[in-house]
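Listed below are the residues making up each chain.
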Amino acid sequence: MIYNKFKSNEGGLINMIRLQFKDSTKVKMMIAKKGNSLREFAKVIGISHPYLSQILNGNRNPSPTIAAKVAKGLEVEIEDIFLITNVAKDNLKKLAVRR
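Being a predicted model, the structure only gives us computed values, none of them experimental.

Which parts of the structure should I look at to understand the overall build of the chain?
Along its length, the chain carries six helices and three strands. If you list the helices and strands of the chain from N to C, you get β-β-α-α-α-α-α-β-α. Nonlocal contacts in the chain, meaning residues at least 24 apart in sequence, comprise 58% of its contacts between residues at least 6 apart. Split by element, the accessible area of the chain, about 6,500 Å² in all, is 51% carbon and sulfur.

How should the environment of K33 be read in this particular structure?
Assignment of secondary structure puts K33 in helix α1 (residues 24–33). Judged by its relative accessible area of 72%, K33 falls in the exposed class. Expressed as a C-alpha distance, the spacing of K33 and L74, which sit 41 residues apart in the sequence, is 9.8 Å.

What exactly am I supposed to notice about the pattern of salt bridges here?
Any two side chains of opposite charge can pair, on the condition that their charged atoms come close. The final tally for this structure, using the stated rule, is one salt bridge. Taking the shortest distance from any N to any O, the salt bridge between K34 and E75 comes out at 3.6 Å. Of this pair, K34 sits in the loop between α1 and α2 (38–45) while E75 sits in the loop between α4 (64–74) and α5 (78–81), placing them 41 residues apart in sequence. With a relative accessible area of 36%, K34 lands in the partly exposed category. Residue E75 is classed as exposed on the basis of its relative accessible area of 65%.

Looking at this model, I keep getting lost on the nonpolar core. Mind explaining?
It is characteristic of soluble globular proteins that their nonpolar side chains tend to be buried jointly. Counting 21 residues, the largest nonpolar core has F21, V70, L74 and I81 as the members making the most contacts within it. Counting residues per element, the ones that place at least two in this core are β2 (13–21), α1, α2, α3 (49–56) and α4. The greatest single-element share of this core, amounting to five residues, is contributed by α4. The contacts of L74, once residues within four sequence positions are left out, are V27, M30, I31, K34, F41 and I81.

Explain the packing of α2 against α3 here, please?
When two helices pack together, their arrangement is captured by the angle between the axes and the distance separating the axes. Where α2 contacts α3, the axes come no closer than 8 Å and their chain directions differ by 110°. As the angle between them shows, α2 and α3 are arranged roughly perpendicular. From α2, L38, R39, F41 and A42 reach across to α3, where they touch H49, L52 and L56. Residues that form the contact of α2 with α3 fall into these classes: five nonpolar, one polar and one charged.

Cut-off values and rules
- Residues numbered from 1 in each chain as written.
- Predicted model: local features only at pLDDT ≥ 70, side-chain atom pairs only at ≥ 80, totals over all residues.
- Heavy atoms only, no water.
- Helix = DSSP H or I, 4+ residues; strand = E, 2+ residues; numbered from the N terminus.
- Contact = heavy atoms within 4.5 Å.
- Areas by Shrake-Rupley, 256 points an atom, 1.4 Å probe, with all protein chains shown as cover.
- Buried < 20%, exposed > 50% of the residue type's maximum accessible area, 1.4 Å probe, protein only.
- Salt bridge = Lys/Arg side-chain N within 4 Å of Asp/Glu carboxyl O.
- Core = buried A, V, L, I, M, F, W, Y, C linked by side-chain atoms within 4.5 Å.
- Axes fitted to C-alpha atoms, helices over the stretch in contact; angles between N-to-C directions.
- Parallel < 35°, antiparallel > 145°, perpendicular 65-115°, else oblique.
- Nonpolar A, V, L, I, M, F, W, Y, C, P; charged D, E, K, R; others polar.

Structure follows, in structure tokens:
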């Protein structure tokens, strides 16, 4: 899973948000109902077609900026189509492994 950094707090924990589609099939249908192919929709919102496909297939999680572009392109709120999860990761463990 790909996480987007949200903020750091004391104790080495980093709060991060993870965005993923609630129902990618529904999103594909919404795109089709707007009269766009996935390739056309990606171009309209300013992202690459492969990146949109990876997000829809669950292979990548979008940044908040990309999620906002998708939601705006579909004329919905981010929360309507994305599951937003706040995840705390222990950054100290990663630092210890790198040394």
